[in-house]
Amino acid sequence: DYKSKVKQLYANTQAVSAWGGEDAETPFYGRVYISILPTSGSNLTDSTKARIVTDLKKYSVASVTPVIVDPETTNVLLTSTIKFDEKVTTKTSDTLKSNIITTITNYNANTLQSFDTIFRHSKLTGLIDDTDESILSNITTVRLRKSFIPTIGSSTKYTINFANALYNPHSGHASVEGGILSSTGFKIDGDTTNIWFLDDDGQGNVRRYRMDGSVRSYRNSTQGTIDYSTGKVEVNSLNVSNIENIRGAASTVIEVTVKPNSNDLVPIRNQILEIDVANSSVTVEADTLVGGSANAGIGYTT
């Protein structure tokens, strides 16, 4: 059992995922892939990986080669609107919001951030409702975000695999609005003026566009592909010259955000799900359907 053996060989192990090469995204027989989530610190160094592989070979079948790959995080973004009855609590909206964020943070820390841990939408929304007796309901939606580091000045293909089916109820869904995929901005080689973004056409094509005022102007309607059934996004021949700031800060990555087909999310192989609490949105509102709600309609959003 590679999982238990890795924990014996490497004390700084929080969790281990292992799968046969025949089950990899690109099948490779004769290999076993292992991903290790450290208890502390970042990904394993190359020297640590090499040492673990050498030690594992003492216990593995001669024809099987162990290969260690880094964990891959998929961020879960929440948009949650919570209704409460202000007549049954002395707590302010700000206090309730803080308590709800603590609930989400605890769920993230105690349930997610490990291999094979499923994000259960109903479980989280139930925990949000149970945060305080005054909470009447919540509507919480989910998006997924991953990032990639572009090779500056080189025409490169990028693959972003969300490993969960994406929302596409019919061909051409939301094509005019930009589909269910969005990205942060970047510039391309030979164009120092325009900032470009990615979206999809609801038919499996990733498009590159710029904003002319409030209108999307498409330069390449086949910049890549999006497989709604598998969650794989491929961006072809993208020659990035500059990465735009993200949320007001300099960045080395391009973020890609999508809408999943299901609110329940299942990680596979070396994938880890993690709620991006800081960039999720929590709005707390007094319920207008409850008589005497003086502050009805006042919301507070992260």
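As the structure is a prediction and not an experimental result, all values here were calculated from the model.

**Student:** Whenever I open this one, the layout of surface pockets confuses me. Can you help?
**Tutor:** A water-sized probe rolled over the atoms picks out the places where empty space is left. Estimates place the volume of the largest pocket at around 310 Å³. Taken together, 16 residues make up the lining of the largest pocket; nearest its centre are W19, E25, E72, R269 and N270. In this structure, the second largest pocket encloses a volume near 170 Å³. Lining the second largest pocket we find E72, K146, S147, F148, I149, T159, I160, N161 and V253. Elements that contribute at least two residues to the lining of the second largest pocket include exactly strand 5 (135-148) and strand 6 (155-161). Looking at the lining of the second largest pocket residue by residue, the classes come out as 4 nonpolar, 3 polar and 2 charged.

**Student:** Teacher, can you tell me more about the nonpolar core here?
**Tutor:** The nonpolar side chains of a soluble globular protein tend to be buried with one another. Counting residues in each nonpolar core, the largest one holds 43 residues, and the members touching the most others are V76, F119 and I275. The leading source of residues in this core is strand 12 (residues 232-243), at 5 residues. Those residues within four positions of I275 in sequence are excluded, and the remaining contacts are V76, L78, I104, Y107, N108, L112, F119, L124 and S280.

**Student:** How should I be thinking about the packing of aromatic side chains in this particular structure?
**Tutor:** Ring pairs (aromatic) are described by centroid distance and by the angle formed between their planes. Tallied over the full model, the rule gives 5 aromatic pairs. Look at W19 and Y33: their rings are 6.0 Å apart centre to centre, the planes differ by 20°, and that puts the pair in the stacked class. Note that W19 is positioned in strand 1 (residues 13-20) and Y33 in strand 2 (residues 31-38), a separation of 14 residues in sequence. With respect to class, W19 is no different from Y33; both count as buried. Chaining the aromatic ring pairs together yields one cluster made of F197, Y209 and Y218. The ring of Y59 carries K5 above its face, with NZ or CZ at 4.2 Å from the centroid. Taking the ring centre of Y167 as reference, the NZ or CZ of K259 above it sits at 4.1 Å.

**Student:** How do you make sense of the sheet that holds strand 3 (residues 65-69) when you look at a structure like this?
**Tutor:** What links the strands of a sheet is backbone hydrogen bonding, and the strands pair in either a parallel or an antiparallel sense. What the 3 strands build is an open sheet, ordered 1-2-3; its pairing is mixed. The sheet is open, and its two borders are formed by strand 1 and strand 3, each paired with just one other strand. Taking the axes of each pair of neighbouring strands and ignoring which way they run, one obtains an average angle of 25° across the sheet. Across 5 bridges, strand 2 lies against strand 3 in parallel orientation. Bridging across to strand 3, V32 finds its partner in P66.

What counts as what
- Residues numbered from 1 in each chain as written.
- Predicted model: local features only at pLDDT ≥ 70, side-chain atom pairs only at ≥ 80, totals over all residues.
- Heavy atoms only, no water.
- 1 Å grid on protein atoms, 1.4 Å probe; cavity = no way out; pocket = protein on both sides within 12 Å on 5 of 7 lines; lining within 4 Å.
- Points joined across faces, edges and corners; volume = space filled by probe spheres on them.
- Helix = DSSP H or I, 4+ residues; strand = E, 2+ residues; numbered from the N terminus.
- Nonpolar A, V, L, I, M, F, W, Y, C, P; charged D, E, K, R; others polar.
- Core = buried A, V, L, I, M, F, W, Y, C linked by side-chain atoms within 4.5 Å.
- Buried < 20%, exposed > 50% of the residue type's maximum accessible area, 1.4 Å probe, protein only.
- Contact = heavy atoms within 4.5 Å.
- Phe/Tyr/Trp six-rings, centres within 6.5 Å; stacked < 30°, edge-to-face > 60°.
- Lys NZ or Arg CZ within 6 Å of the ring centre and 35° of its normal.
- Pairing = 2+ DSSP bridges.
- Axes fitted to C-alpha atoms, helices over the stretch in contact; angles between N-to-C directions.

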